[in-house]
Amino acid sequence: MGHYIDLDGTFNFRDIGGLPAGSGQRVRKGLLYRADALHQLSDNDLARLQKMGIRTVVDFRSPEEAVQHPNRLPPGV
């Protein structure tokens, strides 16, 4: 599912651009990503994500999980 993006700290970071979005449309590339283990991102990963222009993260983990393993995110996200 989606285009794999190789990062140091996560194993499943993907651009889901190109996938069906309904009514025959597709998700625009470079707009929506999915990932795991954002708490393990390296400094290099953070710099790369900042260059990609990511501004919002939606975390579907439980509050307990989020407290146990807080995300590492670029400034302003």
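This is a predicted model, so every value here is computed, not measured.

Section: the sheet that holds strand β2 (residues 14-15)
One open sheet accounts for three strands, arranged β1-β2-β5; its pairing is antiparallel. In the strand order of this sheet, the two ends are held by β1 (3-4) and β5 (33-34), each with one partner. Here β1 runs beside β2; their pairing, made up of two bridges, is antiparallel. Paired with H3 across the strands is D15, a residue of β2.

Focus on helix α1 (residues 43-52)
Among the residues making up α1, those that are buried are D45, L46 and L49. Looking straight down α1, one finds that the buried residues subtend no more than 100° of arc, so they occupy a single side. Structural note: α1 exposes D43, N44 and K51 on the side pointing more than 90 degrees away from its buried face. Where α1 ends, the next residue or the one after it, G53, has phi of about 80°, a positive value.

Calculation criteria
Residues numbered from 1 in each chain as written. Predicted model: local features only at pLDDT ≥ 70, side-chain atom pairs only at ≥ 80, totals over all residues. Heavy atoms only, no water. Pairing = 2+ DSSP bridges. Helix = DSSP H or I, 4+ residues; strand = E, 2+ residues; numbered from the N terminus. Buried < 20%, exposed > 50% of the residue type's maximum accessible area, 1.4 Å probe, protein only. Arc of directions from axis to C-beta.

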